[in-house]
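For reference, the chains in residue letters:
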Amino acid sequence: MQLTKRIFAVLAMGLMLVTACNSPQQTTNQELSIDYEKYTLPNGLNVILHQDKSDPIVAVAILIHAGSNREKPGRTGFAHFFEHMLFQRSENVKEGSFFSNITDWGGTFNGGTWTDGTVYYEVVPKDALEKVLWMESDRMGFFINSVTLASLEGEKPIVKNEKRQRYDNQPYGHTGYVINKALYPSGHPYNWQTIGELEDLSNATLDDVKEFYDLYYGPNNATLVLTGDFDDESTKQWIEKYFGEIPSRGVDTPMEPKPATLDKTISLYHEDNFAKLPEIRMTWPTVEQFHPDQWALDALGQILFDGKRAPLYKEIVEGQKLAPSVTAFNSSNELAGTFSIRCRANAGVDLDSVQAAIFTAMENFEKNGVDQRDLDRIKAGLETGFYNGISSVLGKAFQLAIYNEFAGDPGFVKKDIGNIKAVTTQDVMNAYNKYIKGKNYVVTSFVPQGQLDLVLTGAEIAQVKEEAITPNTESAIVEQEGDDNFVKTPTAFDRTIEPEFGEAPLLNPPTIWNTSLSNGMKVYGIEANELPLVNFSIRIAGGKMLETVEKMGVTNLLTDLMMEGTKNKTPEELEDAIGQLGANVNMYTSDESITISANCLSRNYEATMALVQEILLEPRWDAKEFERLKSASLTRIRQRDANPNSIASMVMNKKLYGSTVMGTPISGTIESVESITLEDLKTFYSNFFSPKATNFHIAGSVSKDNAQASLAGIEQKWSGNDVAIPSFEFPDAPESPQVYFVDVPNAKQSVIQIGRLSVEGNDEDYYPLYVANYRLGSGSSGRLFKILREEKQYTYGAYSYVARDVVPGPWIAASSVKSNVTSDAMNTFKEVIGSYGETYTDEDLEKTKTALIKQNTRNFETLNNLLGILQNISTHNLPMDYIDQQQKVLQTLTKEDMVTMVNKYMNLSNMNYVVVGDKATQFETLKVKGEGNPTLVDKYGNEVPSM
């Protein structure tokens, strides 16, 4: 998995405070801190341990201090490619085991690469810890001899498919490439993207693999972190046993910062095949991570765009109405940093006017300075962010690893938060004046095809390498069998013997309480006191199901508008009130409900609940905000309609649910949203917001009595009638396969979805069908993934699932495949699904049972997990102990039951097939005689007349 700088920063910066310890002795708890232990093996491997006995699970993370910044020009993308290689096999772990074992053990896993590092991680039930350490140590010290030319060439198409899926087949996907090439000189480690270039990936050799492994994958260039429920003494013995004999090697000295400089402003443009809206991005070079100015620059980004007083928001969104939103952010990495302003404008808006508005906003900022309230709001969220960051064992592991490798101290986050708290308004202005005002920058204009009139005046064309769609060719090398006759590295013990499971973990499901209020609202709760946090939600039944096709988008606009102030608070005042509490409050709609959700410190629960009550019961109905949000919704619809995955889902829903509201996108269409008035929103609120259709869910450090007391206002002030949820007549499953094709010219991938309606979420067939699907497509151990990705190299991933909905939910199998294998991939899908029932074995069922039972160790870890359980219970009218009851059902299921489910719900004759891709090269390849001949449709599933 390739991680962007920004994404990994979010993963790693949960704002957790840690107290350092330089010896195996434990430290004592201090305010906003947890204990950890750090030591170093003789070979240089840093080991960090944190015990957390709240759930019987363990997270293991290994951070290698080498990312794409360690690559050579001409071998870009290699660090990420190498990460993929390490999931294949090692000298003592068989081919495919890294994908299948963790899942079969009830765990989850992945890896990620960004500019400065690579991380591998697992979260497993505690009894599988020794097994994970065995596997991880084998690929750190006993990997390289197992690599063959066939395995090297076999992984290249998979990585290329990831590039196509994440960049080449996405709107604005080439923006980062264009900026990096302009900002950093040739040879600078940030001149290229982490994903690399297709040509460089094609040229990777076995010698490249061996060199990178020897240079950067030594234990002395890594940190191993374990967090969770483990025995301290035996775990240290295992770490010594499995990692201790791996010799030090290669490079372990961090690179020196190399900040970028620009001697002029550079303006570049690109006609984007997938974009429907013009986008401008302005990027200034700034400072590397942990530079003294980083924290002021981070604050500057938030102050410029985030909030009703933010200069960019006021000028671009509220004032000139050029775009639905604008963002600004600082991104400081190991070697250099950037500050970016990004704005995706409304349709037809020329980017000269957007840039002029940006400059006006900056002039206003220079004149008015930083509002202390905004800086205070940023700081107020630190404590909530801290506790959210330590709510999962994996979050703790990431943070400890990141700070150890890049700051040299697992407890550096304490200083990190201190530095944020110390930022003053003057510090922010100083950073702006030093790095942004009057400085050179790179600016990009990405516009839809044929709309060059929207490009910034004076911009030059960007040089973007775009892949041509050519016929598929098979590689003879890939077809070779793997060679197991390699020379194995000598070891102190027999590493071919997989460790046994430890003692089975004991599950301790939480106690669920429930009650009903006198106004009809039902209440569900779980008291969990590990952290001083509370998560809660108010879920009102209906959602999209209560809308009309003609005015689809009402609930989407309604939930947005209700967050824009209350009867007694302006939008700015409501934002400040939430911010001062360090709380997070959101409101959103879905197919079957409207939800208000909140996350806050337990001591601020009553105050947060009071604000949520005000939002729910005293809407502002701000006409000005309504018009702004309506315009923003129209812009997002145009953006949605450019995304191949969104198009595939829209067409599939249309074919499954027909012309009902369930077959219409929840955000609506251009026509439906343009017809919506403020009165429509008020009418929906008046008719369908009722406590009798509402469930309240709460999980966290709050008692049942206190939770009930906090609802007194809602109980007294809110009344309403029963709400009738309509029933729908959906199309029957087709009696013969129906294939629909949507043309996206020059698409580098084809999105394939195969599906039919199954059952409602509380139907007795739902859970058996879920179990039956598990070995087909629920993850990397599924047959679809193994065959379409690992054997055929058609895709980055292939999966299937059954949705748990109030109405019959779809069973879907899906993937994004390289364009020139569209027909082959469709045939492979049919072969795998078509033979699944015939080839399903008792072993498949036993492995499924083991994995699903052990997965329950992870089901109760976080407050979000607990809230999800409560919402499942209320939404689908499930028993309080439905997870226990599912386990009992699981134990009774037989292979024959699974085959029955497959034949009943996965029959290929009853499927709809949707393909979104390049018609010019792929449509004809899908044509067949008779049943299954493709029909050309538009992005909403309407048949396109033949020319």
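Details of the structure are given in the entry above.
Notes on the structure in this doc start here. It should be emphasised that the depicted structure is a prediction, and the values quoted were computed from it without experimental measurement.

### Some points on the overall build of the protein chain
Moving on, step 1. Per the secondary structure count, the protein chain includes 35 helices and 24 strands.
Moving on, step 2. A compact globule built from 947 residues should have a C-alpha radius of gyration of about 30 Å, and the protein chain, at 28 Å, falls within 12% of that.
Moving on, step 3. C-alpha atoms of the protein chain, sized along the principal axes, occupy 75 × 70 × 65 Å.
Moving on, step 4. The 947 residues of the protein chain split such that 62% are buried.
Moving on, step 5. In the form shown here, the protein chain has an accessible surface area of approximately 36100 Å², with 47% of it arising from carbon and sulfur atoms.

### Topic: the packing of aromatic side chains
Moving on, step 1. All chains considered together, the criterion is met by 41 aromatic pairs.
Moving on, step 2. Here Phe82 and Phe212 contribute two aromatic rings whose centre-to-centre distance is 5.5 Å and whose plane-to-plane angle is 50°, an arrangement assigned as tilted. Pair noted here: Phe82 is in helix α2 (residues 78-85) and Phe212 is in helix α8 (residues 206-216), with a separation of 130 residues, a long-range link.
Moving on, step 3. By relative accessible area, which is 5% here, Phe212 ends up buried.
Moving on, step 4. Against the face of Tyr740 rests Lys655, its NZ or CZ located 4.4 Å from the ring centre.

### Some words on the pairing of strand β1 (residues 37-40)
Moving on, step 1. Relative to strand β2 (residues 46-51), β1 is paired through four bridges, and the arrangement is antiparallel. Bridge pairing links Tyr39 to Val47 in β2.
Moving on, step 2. The hairpin turn running from β1 into β2, its antiparallel successor, is five residues long, and Gly44 in that turn takes a positive phi close to 100°.

### Here we look at helix α20 (residues 605-617)
Side chains three or four residues apart in an α-helix point the same way, a direct result of the helix having 3.6 residues per turn.
Moving on, step 1. Its 13 residues give α20 an end-to-end C-alpha distance of 18 Å, which sits within 8% of 18 Å, the value for a rise of 1.5 Å per residue.
Moving on, step 2. Across the 13 residues of α20, 10 count as buried, placing the element largely inside the fold.
Moving on, step 3. Buried within α20 we find Tyr605, Thr608, Met609, Leu611, Val612, Gln613, Glu614, Ile615, Leu616 and Leu617.

### Describing the sheet that holds strand β7 (residues 266-272)
Moving on, step 1. Taking strand neighbours across the sheet as the criterion, the six strands line up as β9-β10-β8-β11-β7-β12 in an open arrangement whose pairing is mixed. The open sheet has two edge strands, β9 (327-332) and β12 (460-461), and neither has a second partner.
Moving on, step 2. Two strands pair when backbone bridges link them, and strand β8 (residues 279-285) and strand β10 (residues 337-344) are joined in this way by seven bridges, in the antiparallel orientation. The residue of β10 that forms the bridge with Arg281 is Arg342.
Moving on, step 3. Sitting on the sheet, helix α10 (residues 294-305) touches β9 and β10, and the angle it makes with β9 is about 165°.
Moving on, step 4. Contacts from helix α12 (residues 351-368) reach β8, β10 and β11 (442-448), with the element oriented near 45° to β8.

### Comments concerning the packing of α2 against α8
Moving on, step 1. Running from amino to carboxyl end, α2 crosses α8 at an angle of 90°, the nearest separation of the two axes being 11 Å. Considering the angle they form, α2 stands roughly perpendicular to α8. Touching Phe78, Ala79 and Phe82 of α2 are Asp208, Val209, Phe212 and Tyr213, all from α8.

### A word on the packing of helix α11 (residues 311-319) against α12
Moving on, step 1. Two elements in contact, α11 and α12, have axes separated by 8 Å at closest approach and are oriented at 145°. Read as a crossing pair, α11 and α12 show a hand that is right-handed. Together, Pro311, Leu312, Glu315 and Ile316 of α11 and Ala357, Ile358, Thr360, Ala361, Asn364 and Phe365 of α12 make up the contact between the two elements.
Moving on, step 2. Its residues placed into classes, the contact of α11 with α12 shows seven nonpolar, two polar and one charged.

### Thoughts on the pattern of salt bridges
Side chains that differ in sign of charge can pair as their charged atoms come close.
Moving on, step 1. On inspection of all chains with the given rule, the structure shows 49 salt bridges.
Moving on, step 2. A salt bridge links Glu279 to Arg344, with the nearest nitrogen and oxygen atoms 2.7 Å apart. Of this pair, Glu279 sits in strand β8 while Arg344 sits in strand β10, and the two are 65 residues apart along the sequence.
Moving on, step 3. The class of Glu279 is buried, set by a relative accessible area of 3%.
Moving on, step 4. Given the relative accessible area of 24%, Arg344 is considered partly exposed.
Moving on, step 5. For Asp641, the salt bridge goes to Lys939, with nearest N and O atoms at 3.6 Å. Residue Asp641 is found in the loop between α21 (623-640) and α22 (644-657), and its partner Lys939 is found in the segment after β24 (935-937); the two are separated by 298 residues along the sequence.

### As for the side chain of Ser800
Moving on, step 1. Residue placement: Ser800 occurs in strand β21 (residues 795-802).
Moving on, step 2. Judged by relative accessible area, Ser800 falls into the buried class, the value being 3%.
Moving on, step 3. One polar contact links Ser800 to Asn773, side chain to side chain, over a distance of 2.6 Å.
Moving on, step 4. The residues contacting Ser800, other than those within four sequence positions of it, are Asn773, Leu776, Gly777, Ser778, Leu784, Trp811, Ile812 and Ala813.

### Comments concerning a negative patch on the surface
Moving on, step 1. There is a patch of like negative charges on the surface, built from Asp842, Glu846, Glu896 and Asp897.
Moving on, step 2. Sorting the residues of the negative patch by element identifies α31 (842-855) and α34 (895-905) as the ones contributing at least two each.
Moving on, step 3. You can see Asp897 is positioned in helix α34.
Moving on, step 4. Using a relative accessible area of 30% as the deciding quantity, one classes Asp897 as partly exposed.

### What to know about the environment of Met662
Moving on, step 1. For Met662, the location among the structural elements is in the loop between α22 and α23 (670-674).
Moving on, step 2. Taking relative accessible area as the criterion, Met662 reaches 4% and is therefore assigned buried.
Moving on, step 3. Spatially, the C-alpha atoms of Met662 and Ser597 are 24 Å apart, while their sequence positions differ by 65 residues.
Moving on, step 4. The contacts of Met662, once residues within four sequence positions are left out, are Lys544, Met545, Asp591, Asn653, Tyr657, Phe728, Phe730 and Val807.

### Describing the sheet that holds strand β15 (residues 533-541)
Moving on, step 1. Strand order in the open sheet made by the six strands is β13-β14-β18-β15-β17-β16, with mixed pairing throughout. Both edges of this open sheet fall to β13 (512-516) and β16 (584-589), since each of them pairs with a single strand only. On average, adjacent strands in this sheet sit at an angle of 15° to one another, irrespective of strand direction.
Moving on, step 2. Where β13 lies against strand β14 (residues 522-527), five bridges are found, and the strand directions are antiparallel.

### What about unusual backbone geometry?
Moving on, step 1. One non-glycine residue, Tyr172, lies in positive phi territory at about 65°.
Moving on, step 2. Of note in this structure, Trp621 is not a glycine but carries a positive phi near 55°.
Moving on, step 3. Counting through the fold element by element, Trp621 comes out in the loop between α20 and α21.

Definitions and cut-offs
- Residues numbered from 1 in each chain as written.
- Predicted model: local features only at pLDDT ≥ 70, side-chain atom pairs only at ≥ 80, totals over all residues.
- Heavy atoms only, no water.
- Helix = DSSP H or I, 4+ residues; strand = E, 2+ residues; numbered from the N terminus.
- Rg over C-alpha atoms; globule rule 2.2 N^0.38 Å.
- Buried < 20%, exposed > 50% of the residue type's maximum accessible area, 1.4 Å probe, protein only.
- Areas by Shrake-Rupley, 256 points an atom, 1.4 Å probe, with all protein chains shown as cover.
- Phe/Tyr/Trp six-rings, centres within 6.5 Å; stacked < 30°, edge-to-face > 60°.
- Lys NZ or Arg CZ within 6 Å of the ring centre and 35° of its normal.
- Pairing = 2+ DSSP bridges.
- Expected span 1.5 Å × (residues − 1).
- Contact = heavy atoms within 4.5 Å.
- Axes fitted to C-alpha atoms, helices over the stretch in contact; angles between N-to-C directions.
- Parallel < 35°, antiparallel > 145°, perpendicular 65-115°, else oblique.
- Left-handed = near helix turned anticlockwise from the far one by under 90°.
- Nonpolar A, V, L, I, M, F, W, Y, C, P; charged D, E, K, R; others polar.
- Salt bridge = Lys/Arg side-chain N within 4 Å of Asp/Glu carboxyl O.
- Polar contact = N/O pair within 3.5 Å; in protein donor to acceptor, adjacent residues only side chain to side chain.
- Patch = residues over 30% accessible without salt bridge, like charges linked within 9 Å, V, L, I, M, F, W, Y side chains within 5 Å.
- Lys, Arg positive; Asp, Glu negative; His and termini not counted.
- Charge placed at Lys NZ, Arg CZ, Asp CG, Glu CD.

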